[in-house]
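Fold and contact review
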Amino acid sequence: MFRPTKPTGKILQHILQSHEIRFGDAFEELIEEILRELNFSILNKSIVGENGDSLSLDQYYENRDVHYFIEQKVRDDHDSTKKRGQISNFEIKLETLYKKHKDKLVGIMYFIDPDLSKNKNYYLPELKRLSEFYGIRIHLLYGKELFDYLGKSDLWEQILFLLKQWKDSLPEIPEIDFDKTPKESFEEIKELPIRHWRKLLENEKLWTEGIIKAVFRNGKTLELVFDYFKKQNNKPYNELSILLNSLSKKYY
């Protein structure tokens, strides 16, 4: 009652958030491949902080005895608390790497989307302060500026072209009704690990709040799943079939 979205809207929100995260991850992999093609030495991105904490770098590479690290985000749209967190996180990694490389270190804070620079006026003096304190070069870059810095400006235009092609191929709203194509949906989900099915079926809140019915609108896919469970003829699947049958009768 206290959520402004219905189950379908909530699911779409999670899907879009997941897509956003995966887009950022994909861009990390893309830039790493570009650095590799430029013959930079790619270093292990998992490092250990001064308290023994595991730290993960977005990019970490070496070129001519100079070590570079990049903290990379999709866009600069953080609120006041998160933007301070960005600087704090950047300095923790900077300090750890500085102890190892001293003045043979360059730090880069990079935002992929050049059209959002909400906190640029905050980041610039903060990064300048860190640069002067540690005595190393630190850069704040947006969009094409990273590729200019790497001497590969033409790659940015290629990336924009490919991104446009990819975006044009996306549906306006992701399809979340598995029952539109029950046989195809069944083939995709039938072999999910037993533990995932158990958690899905034992959490009745997903059913009472309408989450399951938002994904399986008329229950046709679940009928196929139920038949599949019965045919497996072993105890875990028998338990799953009993649970699914009970819930389907109650909520469909």
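It should be noted that the structure appears before, not after, this text.
If you're wondering where the values come from, they're calculated on a predicted model, not measured in any experiment.

Here we look at the overall build of the protein
Broken down by element type, the protein carries 11 helices and seven strands. Of all 252 residues assigned to the protein, the portion counted as buried reaches 38%. Considering only contacts in the protein between residues 6 or more positions apart, those separated by 24 or more positions represent 69%. Accessible area of the protein: about 15800 Å², with a carbon and sulfur share of 51%.

Notes on the sheet that holds strand β1 (residues 41-42)
On the basis of which strands lie adjacent, the open sheet formed by five strands has the order β1-β4-β5-β6-β7 and mixed pairing. Bordering the open sheet on either side are β1 and β7 (137-142), each of which pairs with just one other strand. Across the face of the sheet, helix α3 (residues 120-134) comes into contact with β6 (105-111) and β7 while running at roughly 165 degrees to β7.

Some remarks on the environment of S131
By the element assignment, S131 lies in helix α3. As a C-alpha pair, S131 and G107 span 24 residues in sequence and 8.7 Å in three-dimensional space. Apart from the residues lying within four places of it in its own chain, the contact partners of S131 are I136, R137 and I138.

Considering the environment of V66
Inspection of the secondary structure puts V66 in strand β5 (residues 66-73). Sequence separation between V66 and H101 is 35 residues, and the spatial gap between their C-alpha atoms is 8.3 Å. Those residues within four positions of V66 in sequence are excluded, and the remaining contacts are Y61, K104, V106 and R137.

Details of helix α6 (residues 182-189)
The complete set of buried residues in α6 reads S185, F186 and I189. Angularly, the buried residues of α6 cover 100 degrees about the axis, an arc narrow enough to put them on a single face. Exposed residues pointing more than 90 degrees away from the buried face of α6 are listed as K183 and E188. Residues of α6 that are buried sit in contact with α7 (194-202) and α10 (220-232).

Some details on the pattern of salt bridges
Under the defined criterion, the tally for this structure stands at 13 salt bridges. The residue R36 makes a salt bridge to E32 at a minimum N-O spacing of 3.1 Å. Of this pair, R36 and E32 both sit in helix α1 (residues 7-37), four residues apart, roughly one helical turn. Overall, the relative accessible area of 17% leaves E32 in the buried class. In this structure, K144 engages D148 in a salt bridge whose closest nitrogen and oxygen atoms are separated by 2.9 Å. Of this pair, K144 and D148 are both found in helix α4 (residues 144-149), four residues apart, which corresponds to roughly one turn of the helix. Taken together, the salt bridges that share partners define one network made up of E32, E33, R36 and K45.

Quick word on the side chain of E62
Note that E62 resides in strand β4 (residues 59-63). Of the side chains with opposite charge, R64 comes closest to the buried, unpaired E62, at an N-O distance of 8.7 Å. Excluding residues within four positions of it along the chain, E62 makes contact with F40, S41, L43 and H67.

Quick notes on the rules
Residues numbered from 1 in each chain as written. Predicted model: local features only at pLDDT ≥ 70, side-chain atom pairs only at ≥ 80, totals over all residues. Heavy atoms only, no water. Helix = DSSP H or I, 4+ residues; strand = E, 2+ residues; numbered from the N terminus. Buried < 20%, exposed > 50% of the residue type's maximum accessible area, 1.4 Å probe, protein only. Contact = heavy atoms within 4.5 Å. Areas by Shrake-Rupley, 256 points an atom, 1.4 Å probe, with all protein chains shown as cover. Pairing = 2+ DSSP bridges. Axes fitted to C-alpha atoms, helices over the stretch in contact; angles between N-to-C directions. Arc of directions from axis to C-beta. Salt bridge = Lys/Arg side-chain N within 4 Å of Asp/Glu carboxyl O. Lys, Arg positive; Asp, Glu negative; His and termini not counted.

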